Amino acid sequence: MIEMQNLSFGYSGNDPLLADMSLTLQPGSFHFLTGPSGAGKTTFLRLCYADLLPSGGRMAAFGQDVRGLSRDGIAGLRRRVGVVHQDTQFLDHLPVAENIALPLLVSGEQVDMPALGELLAWVQLSGHARAMPPELSGGERQRAALARAVIMSPDLILADEPTGNLDWDMSMRLLQLLIELNHSGKAVLIATHDLNLIRAAKQQVQARVLRIAGKRLQLAGADL
Amino acid sequence: MIEMQNLSFGYSGNDPLLADMSLTLQPGSFHFLTGPSGAGKTTFLRLCYADLLPSGGRMAAFGQDVRGLSRDGIAGLRRRVGVVHQDTQFLDHLPVAENIALPLLVSGEQVDMPALGELLAWVQLSGHARAMPPELSGGERQRAALARAVIMSPDLILADEPTGNLDWDMSMRLLQLLIELNHSGKAVLIATHDLNLIRAAKQQVQARVLRIAGKRLQLAGADL
Amino acid sequence: MKKSLDLAALWRGLTRPDPAGTDRVVPPTGFTAQLTVFSAAAMAFLAVFALALALATGRMAERWSSELAQTVTVRITAPPEQIDQQTATVLAALKTTPGIAQARLLPDDEVEGLLEPWFGPDVPVEALPVPRLIEVTRAAEGFDAEALRLRLEGEAPDAVLDDHTRWRQPLVSAANRLRVLGLFSLLLIAAASGAMITLAAKAALAANGQVIRVLRLIGARDITIATAFVRRFTRRAAMGAAGGTALATAAVWALPEMDQAGSFLTGLGFQGWGWLWPLLIPVAAAAIGFVATRAAALKMLREVR
Amino acid sequence: MKKSLDLAALWRGLTRPDPAGTDRVVPPTGFTAQLTVFSAAAMAFLAVFALALALATGRMAERWSSELAQTVTVRITAPPEQIDQQTATVLAALKTTPGIAQARLLPDDEVEGLLEPWFGPDVPVEALPVPRLIEVTRAAEGFDAEALRLRLEGEAPDAVLDDHTRWRQPLVSAANRLRVLGLFSLLLIAAASGAMITLAAKAALAANGQVIRVLRLIGARDITIATAFVRRFTRRAAMGAAGGTALATAAVWALPEMDQAGSFLTGLGFQGWGWLWPLLIPVAAAAIGFVATRAAALKMLREVR
Ligand SMILES: Nc1ncnc2c1ncn2[C@@H]1O[C@H](COP(=O)(O)OP(=O)(O)OP(=O)(O)O)[C@@H](O)[C@H]1O
Ligand SMILES: Nc1ncnc2c1ncn2[C@@H]1O[C@H](COP(=O)(O)OP(=O)(O)OP(=O)(O)O)[C@@H](O)[C@H]1O
Ligand SMILES: [Mg+2]
Ligand SMILES: [Mg+2]
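Only a predicted model underlies this, so the values are computations on that prediction, with no experimental measurement involved. (Residues numbered from 1 in each chain as written. Chains lettered and ligands numbered in written order. Predicted model: local features only at pLDDT ≥ 70, side-chain atom pairs only at ≥ 80, totals over all residues. Heavy atoms only, no water.)

Novice: Account for the site of ligand 1, naming residues and giving values.
Specialist: As a matter of local geometry, ligand 1 sits amid 17 residues, with Lys-41, Thr-42 and Thr-43 of chain A together with Ser-137 and Gly-139 of chain B nearest to it. Of the chains in the model, those with residues near ligand 1 are chains A and B. At 2.8 Å, a backbone N or O of Gly-38 of chain A approaches an oxygen atom of ligand 1. In the model, an oxygen atom of ligand 1 is placed 2.8 Å from a nitrogen or oxygen of the Glu-140 of chain B side chain. When the free accessible area of ligand 1 is taken as 640 Å², the share hidden by the protein chains comes to 89%. Of the residues assigned to the shell around ligand 1, the class counts are three nonpolar, 11 polar and three charged. (Near = heavy atom within 4 Å. Polar contact = N/O pair within 3.5 Å; in protein donor to acceptor, adjacent residues only side chain to side chain. Areas by Shrake-Rupley, 256 points an atom, 1.4 Å probe, with all protein chains shown as cover. Nonpolar A, V, L, I, M, F, W, Y, C, P; charged D, E, K, R; others polar.)

Novice: Give me the lowdown on the coordination of the magnesium ion (ligand 3), citing residues and values where you can.
Specialist: For the magnesium ion (ligand 3), the protein coordination sphere consists of Thr-42 of chain A (OG1) and Gln-86 of chain A (OE1), at 1.9 to 2.3 Å. Of this pair, Thr-42 of chain A sits in helix H1 (residues 41–48) while Gln-86 of chain A is found in the loop between strand S6 (81–84) and helix H3 (96–106), placing the two residues 44 residues apart along the sequence. (Donors = N, O, S within 2.8 Å, 3.2 Å for Na, K, Ca; no water. Helix = DSSP H or I, 4+ residues; strand = E, 2+ residues; numbered from the N terminus.)

Novice: Any details on the sheet that holds strand S3 (residues 30–34) of chain A? Residues and values, ideally.
Specialist: All names here are of chain A. Taken in spatial order, the six strands of this open sheet run S6-S7-S8-S3-S9-S10, and their pairing is mixed. Either end of the sheet is taken by a strand with one partner, and the two such strands are S6 and strand S10 (216–219). Strand-to-strand twist across the sheet, computed as the mean angle between neighbouring axes with direction ignored, equals 20°. One ladder, built from four bridges, connects strand S9 (residues 208–213) with S10; its direction is antiparallel. Within the sheet, the bridge partner assigned to Ala-213 lies in S10 and is Arg-216. Contacts between helix H6 (residues 168–183) and the sheet are confined to S3, strand S7 (156–160) and strand S8 (187–191), with S3 contributing the most and set at about 135° to the helix. (Pairing = 2+ DSSP bridges. Axes fitted to C-alpha atoms, helices over the stretch in contact; angles between N-to-C directions. Contact = heavy atoms within 4.5 Å.)

Novice: Report on the interface of chain A and chain B, specifying residues and quantitative values.
Specialist: Taken together, the contacts link 18 residues of chain A with 18 residues of chain B. In this structure, the connection of chain A to chain B is made through zero salt bridges. If you look at where chain A meets chain B, you find six residue pairs in polar contact (both at pLDDT 80 or more). For the side of chain A that touches chain B, the residue count by class is two nonpolar, 11 polar and five charged. (Salt bridge = Lys/Arg side-chain N within 4 Å of Asp/Glu carboxyl O.)

Novice: Report on the relation of the copies chain A and chain B, specifying residues and quantitative values.
Specialist: Expressed as a screw transformation, the operator carrying chain A onto chain B has a rotation angle of 180° and an axial translation of 0.0 Å, and the superposed copies differ by an RMSD of 0.0 Å. Both copies of the chain, as the preceding transformation shows, are related through a two-fold rotation axis. Residue Gly-164 of chain A, judged by its C-alpha, is the member of chain A lying nearest the rotation axis, at 2.2 Å. Interface overlap between copies is the fraction of interface residues in one copy that are interface residues in the other; for chain A against chain B it reaches 100%, indicating a shared surface. (Least-squares fit on C-alpha atoms with pLDDT ≥ 70 in both.)

Just distances and angles here, no functional claims.
Here it is in structure tokens:
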């Protein structure tokens, strides 16, 4: 789905942040991405949904070179990739339920109300469907972000620190949800610092752990 | 410093969220605040810096009833309380260093440049002093927030999930910083889900763990 | 590569109702919205007045110059023995001058009336060496006064062509200048409105940068986002301008009648089909709103991947 | 409880330089800022023209009505045996009429000049029963024309008071109406500017809601926040208005001279001290900006704890 070859990236005016990265994300795969704060995890994810373009190397998403994508092509790509941002933004003037259904609205698809209700229940936000986003607690925002990311049933789910504001029980629930999605064939990539989360996941799913260190992507060993 | 008696609070139009809470924060004390997502931890902290006013009960900050505070009184209170928000906002048009020095600027105090440099080094942001806030990574934002919270050397430090975006090493460093501040006489209150963090802290400092459960504030036992 | 914004699709999106409710993605209120509506309204209001001024002064200039045209006279002050012959010559000459509809020798009683202010009601016309006066009515196309003057000089040396220019011409030029001023303010106001609506649209879009970024991130196409904004703003500009126009037109209509000074002055109002002119203003405002928002939206979108 | 915003402190903050650099907390650019500057400039531009129109038409009305006043004449068309006596009576009567500065019997050559258009250059004044003409110069306070007319009727029945009203009055009323129109547009423009600057200030403040919230959270006092914003906006409104005023004043100055029609017309420009009038516009804009931003800032601050 995503193929990178010798990819490198640097924010304009800065030294390159990521260099010589090669990776292939297969359908149905499960990856974790770790690395110290400021290593470039969020940057890496932004490259995957074409929010940033690589400075060097080759990258293809769903078989297409991302550099050759038109703006509508990028929009199309983003409909096939669900993203949970580290600091997810919502439209503050629409209630939570509508925000979660937003990807359907903007792609002109019908909203299946029972399915939306199920999804809300799944992330335990049924009671907040009509609340406005600024009224959500930190953890509630993260769960709403996950719900919005999966509503289009994308082929690939990228999650940036999805459990940063969640306690252990809720984190486990969320991991469970992601593993479920993975079992149904979707590829999952989670950026996280939480080694316990990775350990817990490894007991249930064949997960590979990637690590950004010294600008490069490494495969972390079984030492986790 | 902060005294609450039978304090209760509910967002307007909702059921009460917190009820019958009593607590006294002494100078030099160290508290953790836990509870499930959506329990009201952030709400509790907002009450402490008079961003919300209690619906019932009595609450005094630095000896003054918060309900009787004028708007300038509230501003004065906030200069004595350093807050690390769960999702800290900066002024996006000013560089990180100026954002961190902002509390000094708005209270008309001189900025001690060497001290600012030291503070930046302390949170390992020396290299990002001139960066703009939107260019920071999630963890860098949290460290900048901590720096901004302590620059006025406040009497009380409130931190809402300060390690949500930090890996374990960085979390430990940050905890060390807070413990240092506590040893110099400042009161510290940290809202967190991270039980490992609480365990680590308890080995170094006399910390009390509060828990919001069923709308009430409980003292968690030694089971942590 | 496809063009990123398709005008036809945009127009369809603009005129079609919004069954999916996509417009809801744009926050409904806020001061920038009010600002768009208000600046459109205020500028439309001023434009109506400038338009009324331009039309009224145009009418005034026309009326004054046509009165001027109708009061051309030829005066013959020849000695008694020559006067009849010269009068005949002048009348003949006038008949062959192109651009003259009619030439009429004033009878004694009319001349008497004209001289009354000078000699009182009982002018002894017979006793005076009163000049003969010929009233010339100009045809629609007008005639060359200078040529006629030269010709008369040759054929009837005692005939004087008086086109009353000294009296009326300054009025006509004043009215014409006022009309130019009215048109000039209209242009100014149009330019200012355009800039103001553009800036208001840009300010509103900038205030909604967050919304645009969120929408792009969840895979909204440019056309979807632009349509939602353009539709909003075009409607706001048109609504504001329509309100301002309606108010101003009502105000113009309610202005006290100014024609009390006879044919000399004209009211500020519109006349006949002239009342339809202001209808152009909301259309223009909508067009400006459309173009401005479209340009601003495209520019903002280009900054967001 | 202390008043939350102290005007004196605000004024001090506004005029004093900003050594601490507190103003930097307000984001420097953005379309709302441009919008404030531009709407102030555009409205100032229009205001200068409206002001020039009002002043020029005022001048025109004054000139026309003073010309009217200066051309009052008394015409005596009595039979030859009575004419000298009636002339003397009229002159005596005029001397005792309050509000008349001077009464002068026109000598023959001036009368000749006046009659020239009627009888040609060689008027046989002696041969004609030419009326006596007395030119009356009105004093500043003016006189009661009706009363004088009645009195002359009794004392000198063949004297006719001609104040040329029929010719000039419509012009004066036209000029006066134009002046009213100019003042009316000035009012309209002032109101529209006020509203526009207010809305622009509110839009800019709303766009900076985030900044205000952050500042309150880190313990900034209301006065600090309000001063930073008010200072910015007052300056922007004043700068924009100054720019617009300067441009418009230059444009008025560069307008072609309109006095070519002699004393009849007046140019659109300012005259003498009149050039100082436009200076009021930036001051007014700054005042509006100050009041509007202050109100908007206070309102926004009240919504943030
Ligand atoms: N827009 C930007 N312009 C310039 N530099 C940036 C920008 N965004 C991020 N950076 C820098 O790039 C580096 C990597 O940022 P990134 O957000 O990818 O880190 P991260 O691995 O996600 O860290 P964290 O765990 O703290 O979220 C950081 O040092 C950051 O300051
Ligand atoms: N402004 C608001 N208006 C109404 N309800 C609110 C508002 N802010 C928060 N809430 C609700 O109050 C409850 C407590 O929120 P709070 O942010 O205090 O939770 P929290 O304990 O900090 O949770 P988390 O660990 O997820 O951050 C949540 O259910 C939330 O939806
Ligand atoms: Mg990150
Ligand atoms: Mg919280």
